Amino acid sequence: FERGVDPAFLAPALEIATAMVLALCGGEPSEVAQAGTAPDWHRTIAYDAAHTLRLAGVDVPEAEQAAILARLGFGVAPGQPWQIAPPSWRRDIDGPADIVEEIARLHGYAHIPSTSLPRADGVAAPTATPAQLIERRVRRAAAGLGLTEAITWSFLPPAETAPYGGALFTLDNPISADMAAMRPSLIAGLAAAAHRNLDRGAAGVALFEIGRRYLASGEHLTLALLLAGETRDRDWQTGPATRASAYDAKRLAEAILSAAGVPVDRLQVQPDAPEWLHPGRSARLTLGPKVTLGVFGELHPSLTRDLGGSVAVAELYLDAVPPTRAKRARPAFAPPALQAVRRDFAFLYPADAPADALVRAVRGADKTAIAAVRLFDRFTGTGVAEGEVSLAIEVTLQPCDKSFTEADLDALSSKIVAAAARAGARLRG
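Residues numbered from 1 in each chain as written. Predicted model: local features only at pLDDT ≥ 70, side-chain atom pairs only at ≥ 80, totals over all residues. Heavy atoms only, no water.

J.: Explain the sheet that holds strand S14 (residues 341–350) to me, and be specific about the residues and the numbers.
T.: Judged by pairing direction, the sheet is antiparallel, and its four strands sit side by side in the order S15-S16-S14-S17 without closing on themselves. Each edge of the sheet is formed by a strand with only one pairing partner; in this case those strands are strand S15 (370–379) and strand S17 (426–427). Strand direction decides the pairing type here: S14 and S17, joined by two bridges, are antiparallel. Paired with Leu348 across the strands is Arg426, a residue of S17. Against the sheet, helix H9 (residues 355–363) contacts S14, S15 and strand S16 (388–397), and its axis sits at roughly 150° relative to S15. The sheet contacts of helix H10 (residues 406–422) involve S14, S15, S16 and S17, and relative to S14 the element is tilted by about 25°. (Pairing = 2+ DSSP bridges. Helix = DSSP H or I, 4+ residues; strand = E, 2+ residues; numbered from the N terminus. Contact = heavy atoms within 4.5 Å. Axes fitted to C-alpha atoms, helices over the stretch in contact; angles between N-to-C directions.)

Now the structure itself:
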């Protein structure tokens, strides 16, 4: 009764419960005793069918509204206004707004249009600059990739700035002697934060920070990331614990740059990275020959003594990201009507040449038919001459208006081999 049960249901409910107890437990039932009176749960709410449009912003026909309420157990008496009788178990229905909520829920929230609120007088229009918008996007992207944001000091001990080129600006009146130099890189602060976490028992840390570097040319907005310690725990299926590599840093850097609007498929990898990165395990990311968007790789071993091994880092120069056009609506997904064809090629290539140059050359062999190019194997050993490496590349060919014939595939293969030859590779026999 206290929960609003209709007394009309009490007698049959007691009979069912008594029969179940006797069948399962035995015994003899006593006489039924009833004390007090049941609360009167009957009530009606005046309701106007136009409330749904006015409160929820969705126009639901009156007949559909009445059908929805009937399915939910409400009594509906048409008139001006309607008289709605909630069922006994809906003690949460207090007024017309609650009825509108039920109708909108059953009609479907997807039918409610997204409408921006009108800008009131005195409320300024959005004033975020392009740089601020990029900063917001990359912060969300880095967090979505599993990195934890850190905020470190912009000041460092002068000795700690030496590996990163030294500090060009030193405070005359610092907070302390250990915070006198303006940082030329964000990596030093992240490395110190990782050191503190690892000393306190963390198996691994994945950090990022958005801040400014202070160079001769001024302040530069930068995103830095650092992966230290274990990135995967030891397991009987996967083997011993693993640490991050330069390729992990590159993957994260490309994903963050993509969020900033950079066409990552056009990025180039250049080997001349800063000296504080591990030689041979680091590189620059450039967009064309002149625009450097960041560096990635493993920290130099001389800087990782307190971090227990290899440390993968990246530093992205957000102020170098070229301006992007206004966002356009994403086109509808339209998968190709014809099935793609994949062909594998193995090339002999100079071991000291960047494989990225070969991949880009193959991709440019036919920009219409070649949909993707992927390097999937690198081999040295028997059958490969000294100073060379065998690179296996998978090329995805996508027909447009008609399927490829054997002659078409032969012609495309010839184009790919010729483009690879211009890059210094030859087809492996």
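After presenting the structure, the write-up continues.
J.: Let's hear about the pattern of salt bridges: which residues, and what values?
T.: Applying the stated criterion to the full structure yields 14 salt bridges. Arg183 is the salt-bridge partner of Glu209, the closest N and O atoms lying 3.3 Å from each other. With a gap of 26 residues between them, Glu209 in strand S7 (residues 204–215) and Arg183 in the loop between strand S6 (181–182) and helix H7 (187–199) connect regions that are remote in the sequence. Taking the shortest distance from any N to any O, the salt bridge between Glu298 and Arg281 comes out at 3.2 Å. Of the two residues, Glu298 sits in strand S12 (residues 291–299) while Arg281 sits in strand S11 (residues 277–287), which places them 17 residues apart along the sequence. Using a relative accessible area of 42% as the deciding quantity, one classes Arg281 as partly exposed. Beyond isolated ion pairs, a larger network of salt bridges with shared partners links Arg90, Asp92, Glu102 and Arg105. (Salt bridge = Lys/Arg side-chain N within 4 Å of Asp/Glu carboxyl O. Buried < 20%, exposed > 50% of the residue type's maximum accessible area, 1.4 Å probe, protein only.)

J.: Would you mind going over the packing of helix H3 (residues 62–71) against helix H4 (residues 96–107) in detail, with residue names and values included?
T.: In the contact formed by H3 and H4, the axes pass within 10 Å of each other and the chain directions differ by 95°. What the angle tells us is that H3 and H4 run roughly perpendicular. Residues Glu64, Gln65, Ile68, Leu69 and Arg71 of H3 form the contact with H4, whose own contacting residues are Ile99, Glu102, Ile103, Leu106 and His107. Residues belonging to the contact of H3 with H4 are distributed by class as follows: five nonpolar, two polar and three charged. (Parallel < 35°, antiparallel > 145°, perpendicular 65-115°, else oblique. Nonpolar A, V, L, I, M, F, W, Y, C, P; charged D, E, K, R; others polar.)

J.: Could you give me a rundown of a nonpolar patch on the surface, with the residues and numbers involved?
T.: Together, Ile16, Met20 and Leu24 make up an exposed nonpolar region whose accessible area comes to about 360 Å². Structurally, Leu24 is set in helix H1 (residues 10–25). What makes Leu24 exposed here is its relative accessible area of 69%. (Patch = residues over 30% accessible without salt bridge, like charges linked within 9 Å, V, L, I, M, F, W, Y side chains within 5 Å. Areas by Shrake-Rupley, 256 points an atom, 1.4 Å probe, with all protein chains shown as cover.)

J.: I'd love a proper account of the nonpolar core, names of residues and values included.
T.: Counting 29 residues, the largest nonpolar core has Val138, Leu147, Leu223, Leu225 and Ile256 as its most contacted members. Looking at this core, the elements that each hand over two or more residues are helix H5 (130–144), S7, strand S8 (218–232), helix H8 (246–259), S11, S12 and strand S13 (312–317). Element by element, the count of residues in this core is highest for H8, at five residues. Discounting chain neighbours no more than four positions away, the residues touching Ile256 are Val138, Ala142, Leu145, Leu147, Leu223, Leu225 and Leu316. (Core = buried A, V, L, I, M, F, W, Y, C linked by side-chain atoms within 4.5 Å.)

J.: Quick rundown of the layout of surface pockets? Include the residues and the values.
T.: Considered as a void within the structure, the largest pocket measures approximately 1200 Å³ in volume. Tyr247, Lys250, Val269, Ala355 and Asp356 are the residues nearest the centre of the largest pocket, which is lined by 42 residues in total. Among the secondary structure elements, those contributing two or more residues to the lining of the largest pocket are H8, strand S10 (268–270), S11, S12, S14, H9, S15 and S16. The dominant element in the lining of the largest pocket, judged by the number of residues it contributes, is S11, at eight residues. Taken together, the residues of the lining of the largest pocket sort by class into 24 nonpolar, six polar and twelve charged. (1 Å grid on protein atoms, 1.4 Å probe; cavity = no way out; pocket = protein on both sides within 12 Å on 5 of 7 lines; lining within 4 Å. Points joined across faces, edges and corners; volume = space filled by probe spheres on them.)

J.: Got a sec to walk through the pairing of S16? Specific residues and values, please.
T.: The element S16 is largely enclosed, with a buried count of ten among its ten residues. Neither face of S16 is left uncovered, since the one carrying Glu388, Ser390, Ala392, Glu394 and Thr396 and the one carrying Val389, Leu391, Ile393, Val395 and Leu397 both have all their residues buried. Pairing geometry for S14 and S16, over ten bridges, is antiparallel. If you follow Ala346 over to S16, its bridge partner there is Ala392. When S15 meets S16, the two strands line up antiparallel, connected through eight bridges. Note on S16: the bridge partner recorded for Ile370 is Leu397.

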